[in-house]
Amino acid sequence: MKLLAFDTSTELISIAVTREVDGAPRVWQHTGAGGAQASSALIPAIETLMAEADLTFEALDAIAFGRGPGSFTGLRTACAVAQGLGFGAGVPLLPVDTLLAVAEEARAQQAPQEQTLRLLALLDARMGELYAAPYAYADGDWLLQADFSLLKPEQLALGDAQALAGNVFAEYGERLPLPADLPCWQALPTAAAMLRLAPALLAGGNAVAAADALPRYIRDKVALTTEERAAAKAAR
């Protein structure tokens, strides 16, 4: 398949393109600074990678993007760019949950030979909280075992997880209720992970028209009030 994938839900931009070359799949990748730079850097980086892969947008089978949860600005950027490309090229869009991409990236990097795996995917939600989702991997497929949650690190329930994966350990490690023998794998929602997930998601009917491609928000409140910031500062 000819696919483009990108994610701007964290502090990094991740982009990947795949197509067959001489009968074998080849992947082109780009990683760069995200955050406030994502809105200006994403489209030029996509165009450069598409040119390197010698692909036009109209030739793509689908465009995958990280729909969240994650940075509000980053999710809106990814969604807006995906919608624009989808409308312009007439290509279906594939919204991919960022926590699923975290789980897949961690599996590929840390346990590629495992046939089964129970993994708790975590992303820093800022404001002293994190996003969490439990996944089970078996026979090449991922299953979400419970809905996404937004919680304080101390509230994290490990369940039957065999490992944790995400970007929360440096920031919240001392606050997480972790047994000493539970592996903690650093992982982000990469575009390469989305490319690996895309065939099964497309086969499952998860592609949408550009008008229906929307971010997935878990949190409604995006900032602390002046009083809340003052109270937090006083508590520290």
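Going by the structure above, here's the rest.
Read on for an overview of the structure. As the structure is a computational prediction, the values presented were derived from the model and not from experiment.

Conventions and cut-offs
Residue indices begin from 1 for each chain and proceed along its sequence in written order. The model is predicted, so local features are restricted to residues of pLDDT at least 70 and side-chain atom pairs to those at 80 or more, both for listing and for counting; the totals for chains, interfaces and linings are taken over all residues. Side-chain metrics in this entry use all non-hydrogen atoms of the structure; hydrogen atoms and water are not considered. Note on conventions: DSSP H or I runs of at least 4 residues are helices, E runs of at least 2 residues are strands, and numbering of each starts at the N terminus. A helix is expected to span 1.5 Å for every residue after the first. Note on exposure labels: buried denotes an accessible area under 20% of the residue type's maximum, exposed denotes more than 50%, and partly exposed covers the range between, all computed with a 1.4 Å probe on protein chains only. The directions considered for the arc are those from the helix axis to the C-beta atoms. Pairs of residues are marked as contacts when any of their non-hydrogen atoms sit within 4.5 Å. Between any two strands, at least two bridges found by DSSP are needed for them to pair.

## Overview of helix α1 (residues 38-52)
- For α1, with 15 residues, the first-to-last C-alpha span of 20 Å sits near the 21 Å given by 1.5 Å per residue.
- When α1 is considered as a whole, its buried residues turn out to be Ala38, Leu42, Ala45, Ile46, Leu49 and Met50. Projected onto a plane normal to the axis of α1, the buried residues spread over an arc of 135° and lie on a single side. For α1, the exposed residues lying more than 90 degrees away from the buried face are Ser40 and Ala51.
- Residues of α1 that are buried in the fold lie against β1 (3-7), β2 (12-21), β3 (24-33) and α2 (72-89).
- Asp54, located one to two residues past α1, shows a positive phi value of around 55°.

## Quick notes on the pairing of strand β10 (residues 163-166)
- Along β10, one buried face is formed by Ala163 and Ala165 and the opposite face, lined by Leu164 and Gly166, is buried too.
- Bridging between strand β6 (residues 116-126) and β10 involves 4 bridges; their strand directions are parallel. If you follow Leu119 over to β10, its bridge partner there is Ala163.
- When β10 meets strand β11 (residues 184-186), the two strands line up parallel, connected through 3 bridges.

## Brief notes about the pairing of β6
- For β6, a buried count of 8 out of 11 residues is recorded, marking the element as mostly surrounded by other parts of the structure.
- Taken together, the 10 bridges between β6 and strand β7 (residues 129-138) define a ladder with antiparallel strand orientation. Residue pairing for β7: Asp124 is matched across the bridge by Leu130.
- The hairpin formed by β6 and β7 contains 2 residues between the paired strands, and Met127 there has a positive phi angle of roughly 55°.

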